[in-house]
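Architecture and fold: a report
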Amino acid sequence: MSTGFFFDERCFWHGGGNYAGMLPVGGLVQPMNGGLPESPESKRRLKNLIDVTGLARDLDMRGGFEAAREDLLRVHPASYLDAFKAMSDAGGGEMGRRTPFGPGGYELAAVSAGLSVAALGAVLRGDLRNAYALSRPPGHHCLPDYPNGFCLMANLAIAIEAARAKGLADRVVVLDWDVHHGNGTEAIFYEDPDVLTISIHQERNYPMDTGAFTDRGAGAGAGVNLNIPLPAGVGHAGYLAVMDQIVADQIRSFAPDVIVIACGFDAAAIDPLGRMLATAETFQVMTQQVMALADDLCDGRLMMAHEGGYSEVYVPFCGHHVLQEMSGSTVTAPDPFGEVFPLRQPGPAFDAFVQTQIDAMRAAL
Ligand code: ZN
């Protein structure tokens, strides 16, 4: 069976707002080409890179799905969807925090969610071995009725609820390795005992007020949410240690029907919105780790949705490493920073400090 790659050109057409980086233009903030860091380029260049290397020929390329309203309604209230649609029809605007959209933004967000719905459904039906959805706008920050952090619809939550409604899965793990806390996914499943949400993120990044280790879920979902906040500067060794020593056990003991990854690449070493030191190889090895878990636990069923990642230069190479691993292809895109980033990793004293943090979290579980 093959690896699916779900993309749609329309996802690259989402845009809006007048920003210079994270700052609204005005006062002393000069207008800037490119606007928000969440631009199409990092994603479009990933698609271009897999075309240029030929990796795309080893993937099952699919696209063109808009999520159905009934799928959106399992996560978002009609009042939110209707207000979003009305503003979108009227030319665009802003309904939350750093989530501007232009005319037709509603439909573009529904396409982004639809890619995740289709990718997860195809894996669960046994049509594909695993799948990657190049969803844009991203989804993991979006709350049911409040978009934030570039996220307008909760793509993965919508996909999971659609799969469960169709009887395709009962128990799902969401592992979020985006550098920011997956606050939207957490909130949606916080009281749900059948969806284990795990987020590895840089502490005190975004959002500032969520993502604490002590937030473990509530009600029937108590103990089924895990935040792993890490200090700025964690690199290759630290990420793999977290995966090995905390994440793997949690996923094993949960025994999911499928593993879903909120796949951000903003923990990479040159990301403008993160301060971590992961490399393309880090993402490749983490992919190996989750594939091995999926093979052991759920017949290899693994789906990833693209989240953040704002280095237009580096994201394509990180994504290529992940997709090569998922598909088992021999087509490579050597890391152009492969001579540099392995040398710019934390020293032994910092890695030892990170290990004390991991030990403390393990002891508290
Ligand atoms: Zn992020």
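Please read all numbers here as calculations on a predicted model, not as lab measurements. (Residues numbered from 1 in each chain as written. Predicted model: local features only at pLDDT ≥ 70, side-chain atom pairs only at ≥ 80, totals over all residues. Heavy atoms only, no water.)

A short note on the packing of aromatic side chains
To be explicit about the condition: The aromatic pairing rule takes the rings of Phe, Tyr and Trp, using the six-membered ring of Trp, and pairs them if the centres are within 6.5 Å, calling planes under 30 degrees apart stacked, those over 60 edge-to-face and the rest tilted. Runs of H or I in DSSP of at least four residues are treated as helices and runs of E of at least two as strands, each being numbered from the N terminus. Each residue is assigned to one of three classes by its accessible area relative to the maximum for its type, calculated with a 1.4 Å probe on protein chains only: buried under 20%, partly exposed between the two thresholds, exposed over 50%.
The full count for this structure, using the stated rule, is 12 aromatic pairs. Here the aromatic rings of Phe 5 and Phe 7 are separated by 5.9 Å at their centres, their planes lie at 40°, and the arrangement is tilted. Their ring planes at 90° and their centres at 5.1 Å tell us that Tyr 314 and Phe 337 sit as a pair that is edge-to-face. Linking Tyr 314 in the loop between strand 10 (302–306) and helix 9 (315–327) with Phe 337 in the loop between helix 9 and helix 10 (348–364), this pair joins segments that are 23 residues apart in sequence. Overall, Tyr 314 belongs to the buried group, its relative accessible area being 0%. Here a set of aromatic residues connected by ring pairs shows up, and it is made of Tyr 80, Phe 84, Phe 101 and Tyr 106.

Remarks on the nonpolar core
In plain terms, the rule: Here, the term nonpolar core denotes a set of buried Ala, Val, Leu, Ile, Met, Phe, Trp, Tyr and Cys residues that are joined through side-chain atoms within 4.5 Å. Residues count as neighbours in contact if any of their non-hydrogen atoms are within 4.5 Å of one another.
Counting 65 residues, the largest nonpolar core has Tyr 132, Trp 177, Ile 228, Tyr 239, Phe 283 and Met 304 as the members making the most contacts within it. Apart from residues no more than four positions distant in its own chain, Phe 283 is found in contact with Trp 177, Gly 264, Phe 265, Ala 267, Ala 268, Ala 278, Cys 318 and Val 322. In this structure, Phe 101, Ala 122, Ile 158 and Met 303 belong to the second largest nonpolar core, which totals 47 residues.

Quick notes on the coordination of the zinc ion
What counts, and what does not: Metal donors: N, O and S atoms at distances within 2.8 Å, or within 3.2 Å for Na, K and Ca, with water omitted from the atom set so that some sites may seem incomplete. Donor angles set the geometry label: tetrahedral for four donors if every angle is between 85 and 135 degrees, square planar for four and octahedral for six if opposite donors exceed 155 degrees and the others are between 65 and 115, irregular for anything else.
Bound to the zinc ion are the protein donor atoms Asp 178 (OD), Asp 178 (OD), His 180 (ND1) and Asp 266 (OD), situated 1.9 to 2.7 Å from the metal. Classification of the site at the zinc ion rests on its 4 donor atoms, whose angles at the metal span 54 to 156°, yielding the label irregular.

What about the environment of Pro 334?
With respect to the helices, strands and loops of the structure, Pro 334 is situated in the loop between helix 9 and helix 10. Pro 334 gets classed as exposed once you look at its relative accessible area, which sits at 63%. Separated by 28 residues in the primary sequence, Pro 334 and His 306 place their C-alpha atoms 21 Å from one another.

Examining the side chain of His 14
Considering the arrangement of structural elements, one finds His 14 in the loop between strand 1 (3–6) and strand 2 (19–20). Beyond its immediate sequence surroundings of up to four residues, His 14 is in contact with Glu 38, Pro 100, Phe 101, Leu 108, Arg 136, Pro 137 and Leu 152.

Re the sheet that holds strand 10
Strand-to-strand pairing in sheets goes through backbone hydrogen bonds, with the strands running parallel or antiparallel. How we decide: Here the rule is simple: two strands pair whenever DSSP picks up at least two bridges between them. All axes are obtained by fitting lines to C-alpha atoms, using only the stretch in contact for helices, and the reported angles, taken between N-to-C directions, cover 0 to 180 degrees.
The sheet built from 8 strands is open, its strands ordered 4-1-5-10-9-6-7-8 with parallel pairing. Where the open sheet ends on each side, the last strands, each with one partner, are strand 4 (60–62) and strand 8 (225–230). Neighbour-to-neighbour, the strand axes of the sheet open up by a mean angle of 15°, direction not taken into account. By the bridge criterion, 5 bridges tie strand 9 (residues 258–263) to strand 10 in an arrangement that is parallel. Residue Ile 261 lies in a different strand from strand 10, and its bridge partner there is Met 304. Lying over the sheet, helix 4 (residues 105–124) contacts strand 1, strand 4, strand 5 (130–133), strand 9 and strand 10, oriented at roughly 180° with respect to strand 5. The sheet contacts of helix 7 (residues 236–254) involve strand 6 (172–176), strand 7 (195–202), strand 8 and strand 9, and relative to strand 7 the element is tilted by about 170°.

Focus on helix 1 (residues 41–53)
Note the following rule: Each helix should span, by expectation, one fewer than its residue count multiplied by 1.5 Å. The arc in question is formed by the directions pointing from the helix axis toward the C-beta atoms.
Between its first and last C-alpha atoms helix 1 spans 18 Å; for 13 residues at 1.5 Å apiece the expected length is 18 Å, and the two agree. When helix 1 is considered as a whole, its buried residues turn out to be Ser 42, Lys 43, Leu 46, Lys 47, Leu 49 and Ile 50. Taken down its axis, helix 1 places every buried residue within 155° of arc, on the same side. Looking at the buried residues of helix 1, the elements they touch are strand 1, strand 4, strand 10 and helix 9. In the stretch just after helix 1, Gly 54 is the one whose phi turns positive, near 95°.

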